[in-house]
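Analysis of the macromolecular model
Each chain is listed here by its residues.
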Amino acid sequence: MELYRFTLTEIAKKIKNKEVTIHEVLDSVFSRIEEVEPQIAAYITLMRKEAYERADYLQKKLDQGEDIGVLGGVPIAIKDNICTSGVKTTCASRMLENFVPVYDATVIKNLEEAGAIFIGKTNMDEFAMGSSTESSYMKKTKNPWDLEKVPGGSSGGSAAAIASDMAFAALGSDTGGSIRQPASYCSVVGLKPTYGLVSRFGLIAFASSLDQIGPFAKTVEDTALMLNVIAGHDKKDTTSAPIEKKDYTKALQNTVKGLTIGIPTEFVKEGIHEDVKQAYDQAIETFKDLGATIKEIQLDYIKYSLATYYIIATAEASSNLGRYDGIRYGHRASDFKDIDDLYCKSRSEGFGAEVKRRIMLGTYVLSAGYYDAYYKRAQQVRTLIIENFKKAFETCDVILMPTAPKTAFRFGEKTENPLEMYLEDIYTVPVNIAGLPAISIPGGFDHEGMPIGIQLIGNAFGEETLLQIAYTFEQNTNYHERKPNKI
Amino acid sequence: MREDYEVIIGLEVHAELATHTKIYCNCTTEFGSDPNTHCCPICTGMPGTLPVLNEKVVEYAVKAGLATNCEIARFSKQDRKNYFYPDLPKAYQISQYDLPLCKDGHMDVTVEGKQGNYKKRIGITRIHIEEDAAKLIHDAYTGDTLVDMNRCAVPLIEIVSEPDMRSAEEAVAYMQTLKSILEYLEVSDCKMQEGSLRCDVNLSVRKKGETKFGTRTETKNLNSFRAIYNLIEFEANRQIEELEKGGVIYQETRRFDDVKGIGYAMRSKEDANDYRYFPEPDLAPIVLSEEYIADIQNHLPEMPHIKKERYVQMYELPEYDAEQLTNSKKIANFFEETITHWNNPKAIANWIMGDIFRKLNEAEIEIDACPIKPKDMAKLVELLDKGVISSKIAKQVFEEMFESGKSPEKIVEEKGLVQISDESAIKEIVTKVVENNPQSVVDYKAGKDRALGFLVGQVMKETKGKANPKMVNEMLLEILNQS
C-alpha cells in the first residue's frame, strides 16, 4: 500500500519503529499531491522546502534515539486562517494575499512540539465565511468524490486534502459548521471541540465567541490523537478553559452500552434530503443495535439558531475585520485622495462579496437604534439555546443529528442565493451557539454515491464520551473505509 | 462672564495608569523611547492575536474608585468601541460601556473663589478602564503621517464627573484635587505636559433660574490647569454671546488653542461616529470578590484631605500651610521625611513653602528632582535652631545647597560660616566697636534707640555676619548701660 494511504496512527508508528523514514513518508505525500492537487486544489501554499528540512531534523533526532513526539514526522495540513510564522497566511482573501505572520498560533506550537511536519496551508472560504469554499479569492477546491461539486466549507481545503490522502490530518476552524460540514461532504472525521478547549491565539478571527479550531482526520482514533496535542489551557487566550490535559485516546472503547443518545426528532424533519434522512435513521438503528438507549428530546429554541447565528457572527465579524484597513499590512489601494478614500478603496478591493455582505449585516445589527432589536435579542436567544441543551443533557449523553441536511452540491448552485447556502448550516450552527463539542463522522452515501455525515453533539467538555460513541460507530460500520474513486 | 448666566461644566478626565506593562500585553509603558520599539503583535492588533487583561489595571482603577467614594462593580465587562482611525490598529478600542468598574462617587474640593474659598462636593458618574491609542506624527516636511505604536494600549482610566461645576475655578479645583488623589494613590504619573493626565470639558450655559440644561459642547484634550481655566472662560462667553445674538449652540466636538486663546469646532454631532459598542468577546467579564475589594480598601494610602487635617492637628500648622504641603504627595513626602531628621515642622514648612517652592519654580522642576535632599534640609534648620549659623547665613547656605547639592555642614565648614557664639570673641569686637564709635554711645545715652542698631550693624560687619545677633545685642546693652 502507498504510504499516503495509511492513517496518522499507523504512519506515526511506522516512523517510530523505523519501518519507514520521514523522508519516504514526505515523498509519498508530495507525489500524491503532485498527482491529485491539480484536480482538487486543496492547498493555497505548499511548504515543501520547510517540510523536508524539518524531516531531516526530526529523522536525525529519531536516529539518535530521541523521542520526536506523538506526531513525530507526520505530515499535517493547516487551514490558511491559522498563523504560521514566516509562512503566508491569507484567509483566502485578496486582503491578506501576501500577509506573512510574525508569530505562530498556539496550536502550531503545540503540533510542532509533538513532532508534526506542516506541509501546506489549505484553501477555505474567504475569512471562513461560507459553506462551500467557493468564496475563496485564491482557487476553487473540488470535492474528491465528485469534481463538479463543492467540498463544503469553510474548511473545504482541509477536508478535501484528507479525503484525497494529501495529508494525514489537518486543522480547520469551525464557527458555524466549518469543520463538520466539509467533513460530512468529503467523508472524513471532523471535530469541533468545546469552546475554550483549544486556544484561539493565532486563529484569525471571524466570530470570536463562536470560532474554535479543530482537527480533520481519517479516523476517530487519529482525531483523538490530534485533540490530545492541540487541547489545553493557553495563557494567551483568556477564553480558553483552565482545565487539565487529558488523553482522549483512552476514551476509545468499542461500546455504547449504558449510554443514552438523544434524538431531536422535531428538528430533523423538514428541509432534509431523503437520502440523508435515511442514513440518519440507519445510524439510530445501528446505535440501538449496539445497545445504546435512544431517547427523543425536545429542543424548543434550536430552530432560532440560524437567525441568532447570523446576527452574532456578523456583528463580531464586522468588528474583527475592521483592522484590515490598508494602513499597516494587507491590501492597500494604489490611489486614494484622503484617509476615508484609502479605507474605502482598500476594503472594497480587498474583500469579496460574501465578506462584504457579512460586514454590512454585522454593522447594521450593532448600529444605534437597532442594537436592542437584533444583537441584544440574539444574545438573549443564545442564552435560551444554551439552557435548552443543558436541559437535554440531563437526560442523554450525546445528541445525534445529521451534519448537514443535504450532500455536497454543484459549484455555483447556491452562490446566487446566500440564504440557501446558510441553510446548509442548520444542524451545525446550534452547537457553536451553545459552545458545545460535536463530531462529524462518515455515516453513509446518497444514491449518487456522495458522502453523508452524521453528527454527534456532546455536553460541554464531553469530548471523551463523544469520541467513544463515534469510535464505536466507526468500528461497527465501514463507511469510513470507502475512498473516492474519481481521483 | 455675564451675571445673568450660569455655566454648567462636566469633565471627562483620562489618566494614564502607571503600570509597568500595557493593558493587554507585556510591552513596557515607558515614555519617550524611539518610535515603535515598545510594541508586539498583540498591541499592534495583528491578525489572530488576543488580549489578556493586565490585573494591575483593575487594581489601580479600583483604588481610584475607592478613593473617590465610588461603588465598585462586583461584575463588570469590557466592550469594543468601533471606529476607523490610523491610530487605532484594531479599528476598535477596548473600553467599558454599560458596566464600568466604578460608579456613583464624589470628591469634596476646596474652591478658590473670587469671594474667598469655599468647599463643594462634585459627583463622579463613573470610572472605567480602556486602552490608549497610538500616536500620529505629522511630518511637515514630507507631508506624511506616521504612526508610533509605543503608546498604543497603554492603560487609561476615564473619570467622568457629573455636570456639577459652575465656574472655571470649580473645574480647576476639581482637576487639582483629582490629580492629587491619583498621585497619592500612585496609580498615575499625572504628568499633564506629557499627556498622562488630560481632560475633555463638557460645557453649556443657561439663564439663571432656568432648570433645563442648554446644548453642550465638548472640548477635547486640555492638558494644563491654565488651559482648562482659559477654555471655560472662552467657551462660556462664546456660548452666551451666541445666544444673546439670537443664535443657537450646536452639539459639537471642539478644540482649544491655548496659545491663541481660541476654540474652534472639530466636527458636529451629525457626522459623529456610531461606535457600535458591544461586549468584547475575547475577554471574560471582570468579577471581583468582596475580599479583593476590602484588601485594596485596607491598603489605600492616606488621602490628601486626611493628611491635611493630621498636619493641622499633629504639627499645629495653619490650615493654609497644611493645604500647601499636602496638595502633592511628593511635597508631603519631602516634608514628612525632613521632619523625621529634625523636629521643627513649622520652620521646615516655611522653608519648603518659601525658598524651596521659589527655587523649584525658577528651575522648573518638581520636588523629587530638588538638589536639596530632606536630610540636608533638616540639617540646615537644625544648624539654625542650634545657633550654629544665623538666619542670614542660613539663606546664603541654602542657595549654595541648591546650586551644589552639598550638605549644609560642608558648606558652613568650607566657607567658615559658623556663627561666632564665643562670648570672649564677641566681647572683644563689641568693645572695639564701642570704643571706635563714641558719638553713637552719646546718642544712645541721649535716648536715640537707633544708635543701638547702628552699633549692632558695625559688629556684624566686623564678623561678616557670623556673630550671634542675640549675644551681640545683649553685650552691647550691657556695655552701654554700664558706661
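Residues numbered from 1 in each chain as written. Chains lettered and ligands numbered in written order. Predicted model: local features only at pLDDT ≥ 70, side-chain atom pairs only at ≥ 80, totals over all residues.

1. Considering the overall build of chain B
Selection rule: Under the scheme used here, helices are H or I runs from DSSP no shorter than 4 residues and strands are E runs no shorter than 2 residues, and both carry numbers assigned from the N terminus. Throughout, the radius of gyration refers to the C-alpha atoms, and the reference size of a globule is 2.2 Å times the residue count to the power 0.38. Buried means a residue has 20 or more other C-beta atoms within 10 Å of its own C-beta, exposed means 12 or fewer, and partly exposed covers the counts in between; C-beta atoms are placed from the backbone. Distance between backbone-placed C-beta atoms decides contact: two residues are in contact if it is within 7 Å.
Of the regular secondary structure elements, chain B holds 15 helices and 16 strands. Computed over the C-alpha atoms, the radius of gyration of chain B is 30 Å, more than 25% above the 23 Å expected from 2.2 N^0.38 for a compact globule of 483 residues. Considering only C-alpha atoms, chain B reaches an extent of 95 × 55 × 55 Å along its principal axes. With 483 residues in all, chain B has 40% of them scored as buried. Taking contacts inside chain B between residues at least 6 apart in sequence as the whole, the part at least 24 apart equals 69%.

2. Overview of the domain arrangement of chain B
It is common to report an interface's size as the accessible area lost on association of the parts. All names here are of chain B. Put simply, the test is: For the domains described, the bounds stem from an automatic or database domain assignment.
Segmenting chain B into domains produces domain 1 (5-292), domain 2 (302-415) and domain 3 (423-482). Inter-centroid distance (C-alpha atoms) of domain 2 to domain 3 is 34 Å. Taken together, the 4 residues of domain 2 in the interface contact 4 residues of domain 3.

3. Some details on the sheet that holds strand β5 (residues 92-95) of chain B
So the rule is basically this: Here, a strand pair is defined by DSSP locating no fewer than two bridges between the strands.
Reading across the sheet, the 3 strands line up as β5-β4-β15 (chain B) and stay open at both edges, with antiparallel pairing between neighbours. Of all the strands in the sheet, the pair left with one neighbour each is β5 and β15 (278-279) of chain B.

4. What about helix α11 (residues 353-366) of chain A?
For the record, the criterion: To estimate how far a helix should extend, the number of its residues minus one is multiplied by 1.5 Å. Here the arc refers to the directions that run from the helix axis out to each C-beta atom.
End to end, α11(A) covers 20 Å across 14 residues, agreeing with the expected 20 Å (1.5 Å per residue, within 8%). Regarding α11(A), the residues found buried are V355(A), R358(A), I359(A), G362(A), V365(A) and L366(A). For α11(A), the arc enclosing every buried residue in end-on projection is 135 degrees, short of the 170-degree limit, so these residues lie on one face. Opposite its buried face, α11(A) presents the exposed residues A353(A) and M360(A), each directed more than 90 degrees away. Those residues of α11(A) that are buried lie in contact with α9 (305-320) and α12 (372-392) of chain A together with β15 of chain B.

5. Focus: the nonpolar core
So the rule is basically this: By our criterion, buried Ala, Val, Leu, Ile, Met, Phe, Trp, Tyr and Cys residues that link up through C-beta atoms within 7 Å make up a nonpolar core.
Ranked by size, the top nonpolar core spans 159 residues in total, and within it I76(A), I162(A), A167(A), A169(A), A170(A), F216(A) and A470(A) carry the most contacts. If sequence neighbours within four positions are ignored, A167(A) has contacts with V29(A), P75(A), I76(A), A77(A), I119(A), A161(A) and I162(A). With 64 residues, the next largest nonpolar core counts M149(B), C152(B), I157(B) and L178(B) among its residues.

6. Focus on the packing of helix α2 (residues 22-40) of chain A against helix α3 (residues 48-63) of chain A
Pairs of packed helices are described in terms of their axes, by the angle between the two and the distance that separates them. All names here are of chain A. In plain terms, the rule: Between N-to-C directions, angles span 0 to 180 degrees; the directions come from axes that are lines fitted to C-alpha atoms, helices contributing only their stretch in contact. What sets the label is the angle itself: under 35 degrees gives roughly parallel, over 145 gives roughly antiparallel, 65 to 115 gives roughly perpendicular, and the rest give oblique. Less than a right angle of anticlockwise turn of the near helix away from the far helix marks a crossing as left-handed, whereas a clockwise turn marks it as right-handed. Amino acids outside the nonpolar list (Ala, Val, Leu, Ile, Met, Phe, Trp, Tyr, Cys, Pro) and the charged list (Asp, Glu, Lys, Arg) are all regarded as polar, and Gly is one of them.
For the pair α2 and α3, interaxial distance at closest approach is 9 Å and the crossing angle is 160 degrees. As judged from the angle between their axes, α2 and α3 are roughly antiparallel. In terms of crossing hand, the pair formed by α2 and α3 is right-handed. Where α2 abuts α3, its residues I22, H23, L26 and F30 lie against R48, A51, Y52, A55, L58 and Q59. Here the residues of the contact of α2 with α3 sort into 7 nonpolar, 2 polar and 1 charged.

7. Thoughts on unusual backbone geometry
Residues and elements named next belong to chain A. Of note, the amide linkage connecting G153 to S154 takes the cis form, showing an omega dihedral of 10 degrees. Position of S154 among the secondary structure elements: in the loop between β3 (117-122) and α5 (156-163). Even without being a glycine, F127 presents a positive backbone phi close to 55 degrees. Within the secondary structure, F127 is located in the loop between β3 and α5.

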